[in-house]
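# Close look at the chain arrangement
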Amino acid sequence: QVQLIESGGGLVQAGGSLTLSCAVSGRTFSQYAMGWFRQAPWKEREFVAGLQWNGGNAAYTDSVKGRFTCSRDNGKNMMYLQMNSLKPDDTAVYYCAASLFPHMIPREVSRWTYWGRGAQVTVSS
């Protein structure tokens, strides 16, 4: 059984920073592409960022480019999302996800296999 556990969420003022972590257990971490998604109240879950199995070809949604950085440490089975210059619009529950296709970073929720339970990020204005 694969488990993904997010941590590092919280409340921050606009312009501040947070780092989310995702710990993965259960199978060989380096076999997965990894991604971050978020879901704001009354909105659909959306792709935020993702990495191939080796950390290559980082992909970001346009609204976070230049502010968020996604990284992974295959030796520690961990993925991170460094979030800078946070805005109130970034407020959401953030989820990490794993895909069994290690070279692909799909934007569609349905193409990811494993999910964490989410971490709340709230940005106050």
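In case you missed it, the structure is sitting above this.
All of these numbers come straight from a predicted model, not from anything done at the bench.

### Topic: the nonpolar core
- If you look at the biggest cluster of nonpolar residues, it comprises 29 residues, and the most contacted ones within it are M34, W36, L81, M83 and Y94.
- Of all elements in the fold, only β3 (18–25), β4 (33–39), β5 (46–51), β7 (68–73), β8 (78–83), β9 (92–99) and β11 (119–124) reach the threshold of two or more residues within this core.
- Contacts of Y94, omitting those with residues within four sequence positions, involve E6, L20, F37, R38, V48, F68, L81, M83, G118, A119 and V121.

### Some details on the environment of Q3
- Following the sequence through the fold, Q3 ends up in strand β1 (residues 3–7).
- Classification of Q3 as partly exposed rests on a relative accessible area of 47%.
- Along the sequence, Q3 and D62 sit 59 residues apart, while their C-alpha atoms lie 29 Å from each other.
- Excluding residues within four positions of it along the chain, Q3 makes contact with A23, V24 and S25.

### Quick word on unusual backbone geometry
- Of note in this structure, W42 is not a glycine but carries a positive phi near 70°.
- As for its position among the elements, W42 is in the loop between β4 and β5.
- For W42, a relative accessible area of 88% translates into the label exposed.
- Phi at N57 is positive, roughly 50°, even though this residue is not glycine.

Conventions used here
- Residues numbered from 1 in each chain as written.
- Predicted model: local features only at pLDDT ≥ 70, side-chain atom pairs only at ≥ 80, totals over all residues.
- Heavy atoms only, no water.
- Core = buried A, V, L, I, M, F, W, Y, C linked by side-chain atoms within 4.5 Å.
- Buried < 20%, exposed > 50% of the residue type's maximum accessible area, 1.4 Å probe, protein only.
- Helix = DSSP H or I, 4+ residues; strand = E, 2+ residues; numbered from the N terminus.
- Contact = heavy atoms within 4.5 Å.

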